[in-house]
Amino acid sequence: MITLDGLAIKALGERASSLIEGLNAFSSQEDGLTRLYLSKEHKEACAYVCAAMETVGLTASIDALGTVHGLLKASEGNPSKRVLIGSHIDTVRNGGSYDGNLGVVVGILALEEIRKRGIKLPFDVEVLAFGDEEGVRFPTTLLSASAIAGVLDPSEFDLSDADGISVRDALKALGGDADSASALAYSRDETLAYLEVHIEQGPVLESKDLPLGVVTAIAGARRFSFTYKGVAGHAGTVPMGLRKDAAVSAAQLICEIDKVAKAEEQFSLVATVGDVRIKPGAVNVIADEAMLSLDVRCEDDECRQQAEAAIVAAANRIASENNTPVEIIDYTAIDTVHCSKRLQTLAGEVLQDMGLPDFRLMSGAGHDGQVMAQLCDLGMLFVRCKGGISHNPLEHCSTEDMGYAVEALVRWLEKLGSHHSSES
Ligand code: HGY
Ligand code: MN
Ligand code: MN
């Protein structure tokens, strides 16, 4: 086990902290952090990340979809392979400072350390700061990672946000270009691995009193919207038995969703209604429209699909019982993605070298890695999350844990390098 220099770890953590703080400045929200894809704030954050990459000696650029690239030619000669590291800099509404941003900051600082320590690798390394992981502004998600992985569906550029602005137009407004997206795709044979460091967003590492953990898999997920149509009416004059109340149907479905998820005992099935919109939204008018979102996740794809089927059946039953037709849109689905066993082993060795246990855990949260795994081997490291709180301004990673994360990523790259050299 190599002894860790506590002061050096703390200094790395402090560097990470100041970059995270710097990114917090770019928010559309006065009293918190909201940075949606292709917003003014996202563009400003891209410039900030570009500058941070250049400061540590990376060759920085922003691509046509707003992904920031920071390349380190860490090798001798012209290597045939490249290792990608990164995460996302878009956030949810009123989100935390570390979700996504931590992986970009740790990636930049790890490459600074590779340069400072004169570590030679048999591959180049590129940090990627993706702009659309959360999928909060547009009804799509993982758009920028999909472009790099070469799996982007171009029809997604025609999807629009709540103001009717399409991805295509939002890109154009910020100097991006949807039509050149296909040129962004990397090929399998030039990409050795994608490594992502991410705040755990859950309570497991904290419960084990561990700063870092090795991720085994990312749970599959599917997102739906259910829109019930009723008949608007006077709240005072229409008897209960004569109503076609869309809000009641939505409420009954929300309870059914909760029941289906809680009934599952074998797998960690979760189902969330995060967004409910009632129209016309007046206190004395019976609702003629009620939309609810649904996010279903499980590490077992079959279990998730059975739950989805049960929920859709309940939605249709409620529609006919209440005489309020329902429109069901199922808009993103991604199966469970398994992290590379080889990258997990190397990461586990790194943790042990650092005097930490090789602790493995799965991810209930989605990540850019879900899509990058279609391009190359995926490796993920989780960083302890205070109270397991995320998608919340209280989200927090300690400075020391961020320092551990930078050190671990440096060593992970080094280990991958020596493995790659011995195999080629
Ligand atoms: O929804 C998720 O799991 C991720 O934070 N986008
Ligand atoms: Mn994230
Ligand atoms: Mn998130």
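Residues numbered from 1 in each chain as written. Chains lettered and ligands numbered in written order. Predicted model: local features only at pLDDT ≥ 70, side-chain atom pairs only at ≥ 80, totals over all residues. Heavy atoms only, no water.

Asks: Can you explain the coordination of the manganese ion (ligand 3)? Please cite residues and give values.
Replies: Angles between donor atoms at a metal ideally measure 109.5 degrees for a four-coordinate tetrahedral arrangement and either 90 or 180 degrees for a six-coordinate octahedral one. Protein ligation of the manganese ion (ligand 3) involves Asp-99 (OD), Glu-134 (OE), Glu-134 (OE) and His-391 (NE2), the donor distances falling in the range 2.1 to 2.7 Å. Here the donor residues for the manganese ion (ligand 3) map to a single chain with the spacing D-x34-E-x256-H. The metal-metal distance between the manganese ion (ligand 3) and the manganese ion (ligand 2) comes to 3.5 Å, with Asp-99 coordinating both. Here Glu-134, found in the loop between strand 4 (124–130) and helix 4 (143–149), pairs with His-391, found in the loop between strand 16 (377–383) and helix 11 (399–423); they are 257 residues apart in sequence, far enough to count as distant. (Donors = N, O, S within 2.8 Å, 3.2 Å for Na, K, Ca; no water. Helix = DSSP H or I, 4+ residues; strand = E, 2+ residues; numbered from the N terminus.)

Asks: How would you explain the layout of surface pockets if you had to name every residue and give the values?
Replies: The computed volume of the second largest pocket comes to approximately 180 Å³. Looking at the second largest pocket, it is lined by 14 residues, and the ones nearest its centre are Lys-43, Cys-46, Ile-62, Gly-66 and Leu-174. Looking at which element gives the most residues to the lining of the second largest pocket, the answer is helix 2 (residues 40–55), with 4 residues. In the lining of the second largest pocket, the residues fall into 8 nonpolar, 4 polar and 2 charged. (1 Å grid on protein atoms, 1.4 Å probe; cavity = no way out; pocket = protein on both sides within 12 Å on 5 of 7 lines; lining within 4 Å. Points joined across faces, edges and corners; volume = space filled by probe spheres on them. Nonpolar A, V, L, I, M, F, W, Y, C, P; charged D, E, K, R; others polar.)

Asks: Account for the coordination of the manganese ion (ligand 2), with residues named and values stated.
Replies: Surrounding the manganese ion (ligand 2) are the protein donor atoms His-88 (NE2), Asp-99 (OD) and His-198 (NE2), which sit 2.1 to 2.3 Å from the metal. One chain supplies every donor to the manganese ion (ligand 2), and in sequence these donors are spaced H-x10-D-x98-H.

Asks: Can you break down the domain arrangement of the chain residue by residue, with the values?
Replies: Parsing the chain into structural domains produces domain 1 (6–218 + 336–423) and domain 2 (220–334). Distance between the C-alpha centres of domain 1 and domain 2: 34 Å. With 14 residues of domain 1 at the contact, the number on the domain 2 side is 11 residues. Taken over both partners, the interface formed by domain 1 and domain 2 buries close to 840 Å², and the fraction arising from carbon and sulfur atoms is 51%. (Domains from an automatic or database assignment. Contact = heavy atoms within 4.5 Å. Buried area = accessible area lost by both parts, 1.4 Å probe.)

Asks: Before we move on, can you summarise the packing of aromatic side chains with the specific residues and values?
Replies: Across all of its chains, the model carries 4 aromatic pairs by this definition. With 5.5 Å between their ring centres and 55 degrees between their planes, Phe-26 and Tyr-48 make a pair best called tilted. Of this pair, Phe-26 sits in the loop between helix 1 (6–24) and helix 2 while Tyr-48 is found in helix 2, placing the two residues 22 residues apart along the sequence. Ring geometry for Phe-224 versus Phe-226: centroids 5.8 Å apart, planes at 25 degrees, classification stacked. Both residues of the pair, Phe-224 and Phe-226, count as buried. Above the face of the Tyr-186 ring, Arg-82 is positioned so that its terminal group lies 5.2 Å from the ring centre. (Phe/Tyr/Trp six-rings, centres within 6.5 Å; stacked < 30°, edge-to-face > 60°. Buried < 20%, exposed > 50% of the residue type's maximum accessible area, 1.4 Å probe, protein only. Lys NZ or Arg CZ within 6 Å of the ring centre and 35° of its normal.)

Asks: Summarise the pattern of salt bridges; cite the residues concerned and give the values.
Replies: Should their charged atoms come close, side chains of opposite charge can pair. This structure, assessed with the given rule, holds 33 salt bridges. In this structure, Lys-415 and Glu-349 form a salt bridge, with 3.3 Å as the shortest nitrogen-oxygen distance. In this pair, Lys-415 sits in helix 11 while Glu-349 sits in helix 9 (residues 341–353), placing the two residues 66 residues apart along the sequence. Residue class for Lys-415 comes out buried when judged on its relative accessible area of 19%. For Glu-349, a relative accessible area of 28% gives the class partly exposed. One connected set of salt bridges, linked through shared partners, spans Arg-222, Asp-301, Arg-304, Glu-308, Asp-330 and Asp-335. (Salt bridge = Lys/Arg side-chain N within 4 Å of Asp/Glu carboxyl O.)

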